[in-house]
Amino acid sequence: MIREHEFNTRWWGSSVGILDDPAFFDLDPDAQAAACAPYSWIEFSAQIDAAPHPEKLGRAGFRNVDAQVRFRIGLPRIDST
């Protein structure tokens, strides 16, 4: 359910996890703690419509710290200024 986030582990200098399964937040607190124990910290990533309610995230020790918006700009179609 939680796997090592290779880039963040190299950057942080100790094991960092990444989680993308919202079912984690339905586990009991002891199971959540056991799954998190091997990591210094864990990033949870999900589409906004699939993410658990912020209260549920908070009970598991997670916080919303950023959002990523994916978009593309067709630069070749922009006229030179």
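Structure shown above.
Rules used throughout
- Residues numbered from 1 in each chain as written.
- Predicted model: local features only at pLDDT ≥ 70, side-chain atom pairs only at ≥ 80, totals over all residues.
- Heavy atoms only, no water.
- 1 Å grid on protein atoms, 1.4 Å probe; cavity = no way out; pocket = protein on both sides within 12 Å on 5 of 7 lines; lining within 4 Å.
- Points joined across faces, edges and corners; volume = space filled by probe spheres on them.
- Helix = DSSP H or I, 4+ residues; strand = E, 2+ residues; numbered from the N terminus.
- Nonpolar A, V, L, I, M, F, W, Y, C, P; charged D, E, K, R; others polar.
- Buried < 20%, exposed > 50% of the residue type's maximum accessible area, 1.4 Å probe, protein only.
- Pairing = 2+ DSSP bridges.
- Right-handed = clockwise from strand over helix to strand, strands pointing away.

(A) Geometry of the layout of surface pockets. One number sums up the size of the largest pocket: a volume of about 890 Å³. Lining the largest pocket are 20 residues, and of these Phe-44, Ser-45, Ala-46, Asp-66 and Ala-67 sit closest to its centre. Mapped by element, the contributors of at least two residues to the lining of the largest pocket are β3 (41-44) and α3 (54-59). In terms of residues, the lining of the largest pocket owes the most to one element, β3, which gives 3 residues. Among the residues forming the lining of the largest pocket, the class breakdown is 11 nonpolar, 5 polar and 4 charged.

(B) Seen up close, the pairing of strand β2 (residues 16-19). Residues of β2 alternate between two faces, with Val-16 and Ile-18 on one and Gly-17 and Leu-19 on the opposite face, all of them buried. Two strands pair when backbone bridges link them, and strand β1 (residues 2-4) and β2 are joined in this way by 3 bridges, in the antiparallel orientation. Counterpart to Arg-3 in the pairing with β2 is Ile-18. In terms of strand pairing, β2 meets β3 through 4 bridges, oriented parallel. Bridging from a neighbouring strand, Val-16 pairs with Trp-41 of β3. Crossover β2 to β3 through helix α2 (residues 29-36) is right-handed.

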